[in-house]
Amino acid sequence: MKMGFVLISTLFSLWVHAAEKPNMVMVLIDDMGWGDFSCFGNTAAKTPNIDALAGEGLRFHNFYVNSPICSPSRVAISTGQYPHRWRITSFLNNRKDNAARGVAQWLDPDAPMLARFLHQAGYATGHFGKWHMGGQRDVDDAPPISTYGFDESLTNFEGLGPKLLPLTEQPAEGGGVKKGRIWDKAEILGGPVEWKLRCEITGGFVDRAIGFIDKAQQENKPFFINLWPDDVHSPHFPSVKNWADSKRGLYMAVLEEMDAQLAPLFDRIRNDPKLRGNTVIVICSDNGPEEGCGTAGAFKGTKGTLFEGGIRSPLVVWGPGFVAKEKAGLVVREPVLCAMDLTPSLLALAGIAAPGKVAFDGQNRIDTLLGKSSASHVGPVFFRRPPDRKDTRAFKQLPDLAVRDGKWKLLCDFDGGRPLLYDLEADVSETTDLANRQPELTERLVKAALAWNAQLPKDAGDPAFKKKEAKQ
């Protein structure tokens, strides 16, 4: 009898403990600019569903991703570490191109994953949407998404495991509708595979995420969900009824349709009292906008560049059970945060300690994310350009390295040459170079950037990598 009582008490204690742990949803949008949400100033498109969350939560204006391009940015947000540690510094492509650029074929399964730490602590974990950290093009032997700590996954053509693959429709010359497929060879990466209109795929990921939430609630488990749509990454295929005649017009149409498709997920959580008070939703972009598509607001630069427009992202944090009512709708302008801070912050929110051997580059800033503090990431945040992005259409001979330290932003080359220094409090658009006026500060930040880069694996963007290859 006593043993039975102890067992029942233990199970009840575990149930209560699980119920108290916060649920978390991370929405990571692909190739979206800082100024693309209408709550961040976009007047060319409306994002009412994301705006509604921002109205009940917080909007952060000084939030950085840790790379200006897809795959490394996703590694940083998933691991809390610089992606360069794992030799992922550009988008993962086919085997030959990955090797030529000096990047890994996939993320090492030994990387510290937020999802894995949460899963080990009893969370139900699901990834729905783009992955792009291994398993794309001809790289068909990468680890499946489940290896990284996820119970369930549904991805697109840039990951291994069950997939939604995109069908396309667009107005045909002379009338009618032209139909097609994107990356139709992705079926070689395994399945099961379902083909779905590209303009509806985010809705498919949302449906799967909602079912995952239902199941987690039935099992009395807290949940962590990645919802990573790829709608606003080109090529853009909005519904035929919303077709536009320009690249930017197509982008804005897709942005609005993505926002509408996210609504059922947001409503499922907001309208359930058990979830509303115990769920945090984080929304951001993986890098700046592609040239000619989205907008970076007042910031210079686009995807692939280390200027602000390439690495600064809008950030919305929603969680009525955690954010004080008087802070709802607040625009947070001062604290400097980065994507690597999210992993240690969300672990702290869940009361989970990472294994002692794990050293995050990000920092626990959960109080800032919930509006309880104005503390920034302490110390500098460093950046390295992708090895294949020395030039873009708009910018030639781009800087190789960058560092944000307080109000200061410095960019330079791998050898420390061509330094550019900006005071971002006075000059968010990076128009006035102060390097010659601040020689001591410039020298200090150049040395810091070079020292940071020296301790990390090199890629083919660095001349030292080419010299090393030549010797072998």
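Right above here is the structure, for reference.
Residues numbered from 1 in each chain as written. Predicted model: local features only at pLDDT ≥ 70, side-chain atom pairs only at ≥ 80, totals over all residues. Heavy atoms only, no water.

A. Broad picture of the overall build of the protein chain. Of the regular secondary structure elements, the protein chain holds 13 helices and 16 strands. Relative to a compact globule of 472 residues, whose C-alpha radius of gyration would be 23 Å, the protein chain shows 22 Å and is just as compact. In terms of overall dimensions, the protein chain has a C-alpha envelope of 75 × 65 × 50 Å along the principal axes. Looking at the 472 residues of the protein chain, the share that counts as buried comes to 58%. Put simply, 69% of the contacts in the protein chain that link residues at least 6 apart link residues at least 24 apart. Just so you have it, the protein chain exposes about 18,800 Å², and 54% of that area is on carbon and sulfur atoms. In the protein chain, which carries 57 positive and 57 negative side-chain charges, the distance between the mean positions of the two groups comes to 3 Å. (Helix = DSSP H or I, 4+ residues; strand = E, 2+ residues; numbered from the N terminus. Rg over C-alpha atoms; globule rule 2.2 N^0.38 Å. Buried < 20%, exposed > 50% of the residue type's maximum accessible area, 1.4 Å probe, protein only. Contact = heavy atoms within 4.5 Å. Areas by Shrake-Rupley, 256 points an atom, 1.4 Å probe, with all protein chains shown as cover. Lys, Arg positive; Asp, Glu negative; His and termini not counted. Charge placed at Lys NZ, Arg CZ, Asp CG, Glu CD.)

B. Molecular detail of the nonpolar core. Of all hydrophobic cores here, the largest spans 47 residues; its most connected members are Phe-60, Phe-63 and Leu-118. With 5 residues, the top contributor of residues to this core is helix α10 (residues 342-350). With near-sequence residues (within four places) excluded, Phe-63 lies in contact with Cys-284, Ile-311, Arg-312, Ser-313, Pro-314, Leu-315, Leu-337, Cys-338, Ala-339 and Leu-342. One finds Leu-227, Met-252, Ile-281 and Val-316 within the second-largest nonpolar core, a separate group that totals 45 residues. (Core = buried A, V, L, I, M, F, W, Y, C linked by side-chain atoms within 4.5 Å.)

C. A look at the pairing of strand β13 (residues 381-384). Neither face of β13 is exposed, since Val-381 and Phe-383 on one face and Phe-382 and Arg-384 on the opposite face are all buried. The sheet contact formed by β13 and strand β14 (residues 401-405) spans 4 bridges and is antiparallel. Counted as the bridge partner of Phe-382 is Val-403 from β14. (Pairing = 2+ DSSP bridges.)

D. How the structure looks around the side chain of Asp-31. As for its placement among the helices and strands, Asp-31 is situated in the loop between β1 (23-29) and α2 (48-56). Judged by relative accessible area, which is 1%, Asp-31 ranks as buried. Among the polar contacts listed, one links the side chain of Asp-31 to the side chain of Lys-303, at a separation of 2.8 Å. Sequence-distant contacts of Asp-31, defined by excluding residues within four places in its chain, comprise Val-232, His-233, Tyr-251, Ser-285, Asp-286, Asn-287, Gly-288, Pro-289, Glu-290 and Lys-303. (Polar contact = N/O pair within 3.5 Å; in protein donor to acceptor, adjacent residues only side chain to side chain.)

E. Geometry of the side chain of Asp-36. Among the secondary structure elements, Asp-36 is positioned in the loop between β1 and α2. Notably, Asp-36 is buried but unbridged: the nearest opposite-charge side chain belongs to Arg-248, and the N-O separation is 6.1 Å. Polar side-chain contacts of Asp-36 include one of 2.5 Å to the side chain of Tyr-251. Leave out the neighbours within four places in its chain, and Asp-36 touches Asn-42, Thr-47, Tyr-251, Met-252, Leu-255, Gly-294 and Thr-295. (Salt bridge = Lys/Arg side-chain N within 4 Å of Asp/Glu carboxyl O.)

F. Quick peek at the packing of aromatic side chains. What the rule picks out here adds up to 13 aromatic pairs. With a centroid separation of 6.0 Å and 50° between ring planes, the pair formed by Phe-237 and Trp-243 is classed as tilted. Note on Trp-243: relative accessible area 25%, which makes it partly exposed. A connected cluster of aromatic rings, assembled from ring pairs, spans Trp-34, Phe-37, Phe-40 and Phe-299. Over the ring of Phe-91 we find Arg-101, and its NZ or CZ is 4.7 Å from the ring centre. Residue placement shows Arg-181 over the ring face of Trp-195; its charged tip is 4.0 Å from the ring centre. (Phe/Tyr/Trp six-rings, centres within 6.5 Å; stacked < 30°, edge-to-face > 60°. Lys NZ or Arg CZ within 6 Å of the ring centre and 35° of its normal.)

G. Molecular detail of the pattern of salt bridges. Counting across every chain of the model gives 32 salt bridges. With a shortest N-O distance of 3.4 Å, Lys-390 and Asp-413 are connected by a salt bridge. Pair noted here: Lys-390 is in the loop between β13 and β14 and Asp-413 is in the loop between β15 (408-412) and β16 (420-423), with a separation of 23 residues, a long-range link. Comparing Lys-390 with Asp-413 shows no difference in burial state: the two are buried. Between Asp-423 and Lys-407 there is a salt bridge, with its nearest N and O atoms 3.4 Å apart. With a gap of 16 residues between them, Asp-423 in strand β16 and Lys-407 in the loop between β14 and β15 connect regions that are remote in the sequence.

H. Geometry of the sheet that holds β14. Pairing is antiparallel across the open sheet formed by 4 strands, whose spatial order is β13-β14-β15-β16. At either end of the open sheet lies a strand with only one pairing partner, and these are β13 and β16. If you compare each strand with its neighbour and ignore which way they point, the axes differ by 15° on average. Bridge count for β15 against β16 is 4 bridges, and the pairing is antiparallel. Residue pairing in the sheet places Trp-408 in a bridge with Asp-423 of β16. (Axes fitted to C-alpha atoms, helices over the stretch in contact; angles between N-to-C directions.)

I. Layout of the sheet that holds strand β6 (residues 177-181). The strand order across the open sheet formed by 3 strands is β6-β5-β7, and the pairing between neighbours is mixed. Edge positions in the sheet fall to β6 and β7 (193-197), since each has one partner strand and no second. Pairs of neighbouring strands in the sheet enclose a mean axial angle of 25°, with direction left out of account. Taken together, the 5 bridges between strand β5 (residues 163-171) and β6 define a ladder with antiparallel strand orientation. Across the sheet, residue Pro-171 finds its bridge partner in β6, namely Val-177.

J. Region of the structure containing the environment of Trp-34. With respect to the helices and strands, the residue Trp-34 is situated in the loop between β1 and α2. Judged by relative accessible area, which is 10%, Trp-34 ranks as buried. Taking the C-alpha atoms as reference, Trp-34 lies 9.0 Å from Ala-298; in sequence the two are 264 residues apart. Excluding residues within four positions of it along the chain, Trp-34 makes contact with Phe-40, His-61, Thr-295, Ala-296, Gly-297, Phe-299, Arg-312, Ser-313 and Pro-314. Within the structure, the side chain of Trp-34 is placed 3.5 Å from the backbone oxygen of His-61, a separation counted as a polar contact.

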